[in-house]
Amino acid sequence: MANIKSQKKRAITNAKRQAANTAKRTEVKNAIKGVLTAVEAKDADAAKKAYDHANSVLDKAVAAHIKKGNYAARQKSRLAKAVNSING
């Protein structure tokens, strides 16, 4: 453990940020899984709704520097292709 007061504070702050970033990464993964689950169930309405939510979560993750822009673009494209496969 750190001996300097500012480093003790920094250690606490780092732990809080790590927890927040982990939660955001988990939210991204769950949003993607939600779309894929709805597509697998062939539920077009739920898939569209989940896709919109996933887009929002991905955009927020990029803005917060949790994920890179190309990752988000690739996932959006992949999910859009999956959602569109239901409609024919």
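These lines cover the structure that appears in this document, whether it is placed above or below. Treat the numbers as computed from the prediction; the structure is a model and nothing was measured. (Residues numbered from 1 in each chain as written. Predicted model: local features only at pLDDT ≥ 70, side-chain atom pairs only at ≥ 80, totals over all residues. Heavy atoms only, no water.)

## Some thoughts on the environment of Asp 52
Link 1 in the chain: With respect to the helices, strands and loops of the structure, Asp 52 is situated in helix α2 (residues 44-63).
Link 2 in the chain: Exposure remark for Asp 52: the relative accessible area of 39% places this residue in the partly exposed category.
Link 3 in the chain: Counting along the chain gives 10 residues from Asp 52 to Val 62, while the straight-line C-alpha distance between them is 16 Å. (Helix = DSSP H or I, 4+ residues; strand = E, 2+ residues; numbered from the N terminus. Buried < 20%, exposed > 50% of the residue type's maximum accessible area, 1.4 Å probe, protein only.)

## A word on the nonpolar core
Link 1 in the chain: Of all hydrophobic cores here, the largest spans 19 residues; its most connected members are Val 28, Val 35, Val 39, Leu 79 and Val 83.
Link 2 in the chain: Listing elements by their share of this core, those giving two or more residues are α1 (5-40), α2 and α3 (69-87).
Link 3 in the chain: Looking at this core element by element, the count peaks at 7 residues for α2. (Core = buried A, V, L, I, M, F, W, Y, C linked by side-chain atoms within 4.5 Å.)

## Focus on the packing of α1 against α2
Link 1 in the chain: Between α1 and α2, whose axes approach to 8 Å, the crossing angle comes to 160°. Judged on the interaxial angle alone, α2 and α1 are roughly antiparallel. In terms of crossing hand, the pair formed by α1 and α2 is left-handed. For the pair formed by α1 and α2, the contact residues are Glu 27, Val 28, Ala 31, Gly 34, Val 35, Ala 38 and Val 39 on the first element and Ala 46, Ala 47, Ala 50, Tyr 51, His 53, Ala 54, Val 57, Leu 58 and Ala 61 on the second. (Axes fitted to C-alpha atoms, helices over the stretch in contact; angles between N-to-C directions. Parallel < 35°, antiparallel > 145°, perpendicular 65-115°, else oblique. Left-handed = near helix turned anticlockwise from the far one by under 90°. Contact = heavy atoms within 4.5 Å.)

## Regarding the packing of aromatic side chains
Link 1 in the chain: Inspection of every chain in the model, using the stated rule, returns 0 aromatic pairs.
Link 2 in the chain: When the ring centre of Tyr 71 is taken as reference, the NZ or CZ atom of Lys 67 above it lies at 4.7 Å. (Phe/Tyr/Trp six-rings, centres within 6.5 Å; stacked < 30°, edge-to-face > 60°. Lys NZ or Arg CZ within 6 Å of the ring centre and 35° of its normal.)

## What to know about the packing of α1 against α3
Link 1 in the chain: Contact geometry for α1 and α3: axes closest at 9 Å, N-to-C directions at 20°. On the basis of their axis angle, the class for α1 and α3 is roughly parallel. Here α1 and α3 pass one another in a crossing that is left-handed. Here Val 28, Ile 32, Val 35, Leu 36, Ala 38 and Val 39 of α1 lie close against α3, whose contacting residues are Tyr 71, Gln 75, Arg 78, Leu 79, Ala 82, Val 83, Ser 85 and Ile 86.
Link 2 in the chain: A class-by-class count of the residues in the contact of α1 with α3 yields 11 nonpolar, 2 polar and 1 charged. (Nonpolar A, V, L, I, M, F, W, Y, C, P; charged D, E, K, R; others polar.)

## A word on the pattern of salt bridges
Link 1 in the chain: Counting across every chain of the model gives 2 salt bridges.
Link 2 in the chain: Lys 48 is paired through a salt bridge with Asp 52; the nearest N and O atoms lie 3.3 Å apart. Placement of both Lys 48 and Asp 52 in helix α2 is noted, with a separation of 4 residues, approximately one turn of the helix.
Link 3 in the chain: Under the relative-accessibility criterion, Lys 48 is labelled partly exposed at 44%.
Link 4 in the chain: Here Lys 76 ties to Asp 59 by a salt bridge, and the two come within 2.5 Å at their closest N and O atoms. Of this pair, Lys 76 sits in helix α3 while Asp 59 sits in helix α2; the two residues are 17 residues apart in sequence, bridging distant segments of the chain. (Salt bridge = Lys/Arg side-chain N within 4 Å of Asp/Glu carboxyl O.)

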